[in-house]
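Observations on the model geometry
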Amino acid sequence: MKRPTNPRPASRRYEMVEEVLRQNILGGLIPRGLVLLEGPIASLMQTSRAPVQTALQRLEAQGMIRRFSGRGFLVARPGEVLEPIRLDLLKIGLRIPKAIDDALQSRASWERIYETVESDVAACLVFGRYRLIEAELAVHFRVSRTVVRDVLGRLEERGLVEKNQSSHWIAEPLTAQSIREHFALRRILEPQALISAAPLLDRTRLAAVFERFRQAEATFDDDSATDPLARDLEAFETLLIDTCVFATPNERLREQIRRNLLPVLAAERALRQLGLPSDRAAITEHRLIIELLLQDAVPAAAAMLDAHLAAAERRSIAQLKIVAVLSEPQSIARYLTRLD
């Protein structure tokens, strides 16, 4: 792989992936019209799909790529009509800065599996109380018990698991009460983060996100909608938070919000996987927040975010009651054992 000598620094994995794709698009090495898929990019960048997904969403919000009728993203500007090109990224020979390549290759062993384990644990929270068995986790990922303990320690730091008096690792269920507690924190932290981030927001990116929300709102009930994520509230919530909340310059505030969001977004994901419907009102709420920011009505945007979170709390609790009568799905990871 060719590597330039003066890469722009990046810290988080999604930032590294975003930077590599951006520079290769701007440099013309990734041709316009190329279809970008999460899997091949994750394989090439030696990372999981989660940071690739975030990177693609950020590039989409910046207007560098867009969704189309097929799977993945098209390297094209919004409204630009191009014939999709499908090429093997390995044959293109992307330029990956040495600093980024080294950072991705030198990740500790626990980091290589952490995001998958985190996703697996978070997905089971709406179904009850689970135990994570160290030995089965080690066998499942073909890693040592030391690596497993590092992963579990990180999950404990983020509040997704805890160690009980018998030294068993337990993932406690997401209940109506815990949802209320998570949303109470969201309503305290996220509007304040939005206010502090407002002066730093990129208006071009805001406009692109607004258009995405507007189109999703308009086509929500249209089965022929070309956006495959038109009803994916988790994707829209993530895009809203990434654009308007995580832009806060307060790093500690970002981390508190991120930790509190994990089980909330996991619950949303699990509910969608079970076939529970999304609510068009949520997309309208997202769109109004961005619209107010574009109008420089920051206090009103913060108030609208608070109203959105209050409504989202009510929706989550109502749908959790539906899940209570459903059986556990077959997709729960084998190293997670249900505790009755």
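See the structure above.
Here we summarise the structure given alongside this text.

Quick notes on the rules
- Residues numbered from 1 in each chain as written.
- Predicted model: local features only at pLDDT ≥ 70, side-chain atom pairs only at ≥ 80, totals over all residues.
- Heavy atoms only, no water.
- Pairing = 2+ DSSP bridges.
- Helix = DSSP H or I, 4+ residues; strand = E, 2+ residues; numbered from the N terminus.
- Axes fitted to C-alpha atoms, helices over the stretch in contact; angles between N-to-C directions.
- Parallel < 35°, antiparallel > 145°, perpendicular 65-115°, else oblique.
- Contact = heavy atoms within 4.5 Å.
- Nonpolar A, V, L, I, M, F, W, Y, C, P; charged D, E, K, R; others polar.
- Expected span 1.5 Å × (residues − 1).
- Bend = angle between axes of the 7 residues up to and from the residue.
- Buried < 20%, exposed > 50% of the residue type's maximum accessible area, 1.4 Å probe, protein only.

Re the sheet that holds strand β7 (residues 336-339)
An order of β5-β6-β4-β7 is seen for the four strands of this open sheet, with the pairing classed as antiparallel. Unpaired on one side and paired on the other, β5 (162-163) and β7 mark the two borders of the sheet. Relative to strand β6 (residues 169-171), strand β4 (residues 129-132) runs antiparallel, the two sharing three bridges. Looking at β6, one finds that arginine 131 is bridged to isoleucine 170.

Points about the packing of helix α3 (residues 49-61) against helix α10 (residues 203-218)
Following both chains from N to C, one finds α3 and α10 inclined at 100°, their axes separated by 8 Å at the closest point. One finds that α3 runs roughly perpendicular with respect to α10. Only Thr204, Arg205, Ala208, Val209 and Arg212 of α10 make contact with α3, whose side of the interface consists of Arg58, Glu60 and Ala61. Residue composition of the contact of α3 with α10, by class: three nonpolar, one polar and four charged.

A short note on helix α9 (residues 176-197)
A rise of 1.5 Å per residue sets the reference length of α9, with its 22 residues, at 32 Å; its end C-alpha atoms lie 31 Å apart and thus fit the reference within 8%. If you look at α9, its biggest bend is around 30°, right at arginine 186. Of the residues making up α9, those classed as buried are Ser178, Ile179, His182, Phe183, Arg186, Leu189, Glu190, Pro191, Ala193, Leu194 and Ala197.

A look at the sheet that holds strand β3 (residues 73-74)
Taken in spatial order, the three strands of this open sheet run β1-β3-β2, and their pairing is antiparallel. The sheet is open, and its two borders are formed by β1 (35-36) and β2 (66-67), each paired with just one other strand. Pairing of β2 with β3 involves two bridges; the strand directions are antiparallel. For arginine 67, the partnering residue across the bridge sits in β3 and is phenylalanine 73.

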